[in-house]
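If you want the building blocks of each chain, they are given just below.
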Amino acid sequence: MRNLILTISLISLSAGIAAAQGNLRDVKSIDNAVFDVAVADKIRKECPEISARIIKALTLYRQVRAEARSLGFTDAQIEEYGDSDKEKARLRAKGDAYFRANGVVASDPQSYCALGRKEIQKSSRIGSLLREK
């Protein structure tokens, strides 16, 4: 799941670069999808009561990759963007801020569980990537 999420993140971010002569992070639909996958992955890793919906994640991965390609990004550009330490750090910081804003305490697995359950209950994209065990 981790590799899948990383790959989705990378592909999603790469699509914006080719399309807008900028970065994939500038393509909001792709950047938001990558962010949601990263958040869901962190929740499932930290909460022992929540697991990933692998098929949903694979479907989202394919959609993001197809969108990136439709915007003119090549596989090489997508992979290059995905490997960017700068983009990984940016998404990590954005995720940390999201977790803090939602009451997550890094040392408390139950706070991740509470957020995961909240996302599942409201049927968000993050929640759609998760399931209670």
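All of these numbers come straight from a predicted model, not from anything done at the bench.

## Some details on the overall build of the chain
Counting secondary structure elements, the chain contains seven helices and two strands. Ordered by position in the sequence, the α and β elements of the chain form the string α-α-β-α-α-α-α-α-β. Out of the 133 residues belonging to the chain, those deemed buried represent 42%. As displayed, the chain offers around 6,900 Å² of accessible surface, 50% of which is attributable to carbon and sulfur atoms.

## Details of the packing of helix α2 (residues 28-46) against helix α3 (residues 54-70)
A pair of packed helices can be characterised by two numbers: the angle between their axes and the separation between those axes. Relative orientation of the contacting elements α2 and α3 amounts to 155 degrees, with a least axis distance of 10 Å. What the angle tells us is that α2 and α3 run roughly antiparallel. In the packing of α2 onto α3, the handedness of the crossing is left-handed. Contact residues: α2 offers Ser29, Ile30, Ala33 and Val37, while α3 offers Leu60, Val64, Glu67 and Ala68. A class-by-class count of the residues in the contact of α2 with α3 yields six nonpolar, one polar and one charged.

## Some remarks on helix α6 (residues 109-121)
If you check α6, its first and last C-alpha atoms are 18 Å apart, about what 13 residues at 1.5 Å a residue would give, namely 18 Å. Along α6, the residues that are buried comprise Ser111, Tyr112, Cys113, Leu115, Gly116 and Glu119. Buried residues along α6 sit in contact with α2, β1 (50-52), α5 (85-101), α7 (125-128) and β2 (130-132). With a side-chain oxygen lying 3.1 Å from the backbone nitrogen of Gln110, the N-terminal cap of α6 falls on Asp108. Residue Ser123 follows α6 closely and has a positive phi angle near 60 degrees.

## Considerations on the packing of aromatic side chains
According to the stated counting rule, one finds three aromatic pairs in the structure shown. Aromatic pair Phe35 and Tyr98: ring centres 5.7 Å apart, planes at 90 degrees, arrangement edge-to-face. Of this pair, Phe35 sits in helix α2 while Tyr98 sits in helix α5; the two residues are 63 residues apart in sequence, bridging distant segments of the chain. Considered together, Phe35 and Tyr98 belong to a single accessibility category, that of buried residues. Taking the centre distance of 6.0 Å and the plane angle of 70 degrees together, the rings of Tyr98 and Phe99 count as edge-to-face. Grouped by ring-pair contacts, the aromatic residues Phe35, Tyr98, Phe99 and Tyr112 constitute a single cluster. In this arrangement the basic side chain of Lys94 is found over the ring face of Phe35, its NZ or CZ atom lying 4.7 Å from the centre.

## Here we look at the pattern of salt bridges
Across all of its chains, the model carries 13 salt bridges by this definition. Glu49 serves as the salt-bridge partner of Arg117, at 2.1 Å between the closest nitrogen and oxygen. In this pair, Arg117 is assigned in helix α6 and Glu49 in the loop between α2 and β1, connecting sequence segments 68 residues apart.

## Digging into the state of the cysteines
Applying the stated criterion across every chain, the model contains one disulfide. Two residues share a disulfide in this structure: Cys47 and Cys113, whose sulfurs sit 1.9 Å from each other. The sign of the S-S torsion, about 105 degrees, decides the handedness of the disulfide formed by Cys47 and Cys113: right-handed. With Cys47 in the loop between α2 and β1 and Cys113 in helix α6, the pair connects residues that are 66 residues apart, well separated along the chain. Each member of the pair, Cys47 together with Cys113, is buried.

Here is what the cut-offs are and how they apply
- Residues numbered from 1 in each chain as written.
- Predicted model: local features only at pLDDT ≥ 70, side-chain atom pairs only at ≥ 80, totals over all residues.
- Heavy atoms only, no water.
- Helix = DSSP H or I, 4+ residues; strand = E, 2+ residues; numbered from the N terminus.
- Buried < 20%, exposed > 50% of the residue type's maximum accessible area, 1.4 Å probe, protein only.
- Areas by Shrake-Rupley, 256 points an atom, 1.4 Å probe, with all protein chains shown as cover.
- Axes fitted to C-alpha atoms, helices over the stretch in contact; angles between N-to-C directions.
- Parallel < 35°, antiparallel > 145°, perpendicular 65-115°, else oblique.
- Left-handed = near helix turned anticlockwise from the far one by under 90°.
- Contact = heavy atoms within 4.5 Å.
- Nonpolar A, V, L, I, M, F, W, Y, C, P; charged D, E, K, R; others polar.
- Expected span 1.5 Å × (residues − 1).
- Polar contact = N/O pair within 3.5 Å; in protein donor to acceptor, adjacent residues only side chain to side chain.
- Phe/Tyr/Trp six-rings, centres within 6.5 Å; stacked < 30°, edge-to-face > 60°.
- Lys NZ or Arg CZ within 6 Å of the ring centre and 35° of its normal.
- Salt bridge = Lys/Arg side-chain N within 4 Å of Asp/Glu carboxyl O.
- Disulfide = S-S within 2.5 Å.

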